[in-house]
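Listed below, chain by chain, are the residues.
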Amino acid sequence: MTTPNPLQLGQPTPFPTSPEEARLDRVPNPHADTDYVARFTAPEFTSICPVTGQPDFAILVIDYVPGAWLVESKSLKLYLGSFRNHGAFHEDCTVAIGKRLRDLLEPRYLRIGGFWYPRGGIPIDVFWQTGDLPKNAWLPEPGVPPYRGR
């Protein structure tokens, strides 16, 4: 997989209407010889319940140890925003995002935590990871407390 040209970065780009339409860009990692963790936190992630059509809200925390590639952050923002009108269950949204990033970046390690606000009075938190965390990489706690009225 190669880096698309031109990147969405630095030019007007409309929000995609679905995750399938959204384009994720990647850029070369200038420190590919070093194990380090990059974290993205999306505190206002939304999707649509496929049964009721009501909005669902989550805090997403994405941690990864990059190999040759980094995700370009504007394209990630647009991709995550494409879920606003997408009907899918919490588990599907969280795992699909993790798998798409894994396939694009081929990271040494990636984990995603979806900390979802209650639906029907029950919060549903979803966690997925791939790869093994390198010994010398520092991975802090996600920083999202267990549900207590987040």
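Quick summary incoming for the structure in this document. Treat the numbers as computed from the prediction; the structure is a model and nothing was measured.

In terms of burial, helix α1 (residues 73-81) is a largely internal element, 7 of the 9 residues being buried. Those residues of α1 lying buried are Lys74, Ser75, Leu76, Leu78, Tyr79, Leu80 and Gly81. Contacts made by the buried residues of α1 are with β2 (38-48), β3 (55-65), β4 (69-71) and α2 (90-105). Where α1 starts, the residue carrying a side-chain oxygen 2.9 Å from the main-chain nitrogen of Lys74 turns out to be Glu72.

In spatial order, the strands read β2-β3-β5-β6; together these 4 strands make up an open sheet with antiparallel pairing. Each of the sheet's edge strands pairs with one partner strand only, and the pair in question is β2 and β6 (125-131). Across this sheet, the average inter-strand angle for adjacent strands is 15°, counted without regard to direction. Alignment of strand β5 (residues 109-116) against β6, held across 7 bridges, turns out to be antiparallel.

Further remarks concern the packing of aromatic side chains. What characterises a pair of aromatic rings is the spacing of the ring centres plus the angle enclosed by the ring planes. Taken as a whole and assessed by the stated rule, the structure comprises 5 aromatic pairs. Both rings, one in Tyr79 and one in Phe83, keep their centres 5.4 Å apart while their planes meet at 80°; by these two values the pair is edge-to-face. Put simply, the rings of Phe45, Tyr79, Phe83 and Trp116 touch in pairs and so form one group of aromatic residues. Above the plane of the ring of Trp69 lies Arg26, whose end atom (NZ or CZ) is 3.7 Å from the centre. Lying over the aromatic face of Phe15, Arg84 brings its terminal NZ or CZ to 5.5 Å of the ring centre.

Basis of the calculations
Residues numbered from 1 in each chain as written. Predicted model: local features only at pLDDT ≥ 70, side-chain atom pairs only at ≥ 80, totals over all residues. Heavy atoms only, no water. Buried < 20%, exposed > 50% of the residue type's maximum accessible area, 1.4 Å probe, protein only. Helix = DSSP H or I, 4+ residues; strand = E, 2+ residues; numbered from the N terminus. Contact = heavy atoms within 4.5 Å. Polar contact = N/O pair within 3.5 Å; in protein donor to acceptor, adjacent residues only side chain to side chain. Pairing = 2+ DSSP bridges. Axes fitted to C-alpha atoms, helices over the stretch in contact; angles between N-to-C directions. Phe/Tyr/Trp six-rings, centres within 6.5 Å; stacked < 30°, edge-to-face > 60°. Lys NZ or Arg CZ within 6 Å of the ring centre and 35° of its normal.

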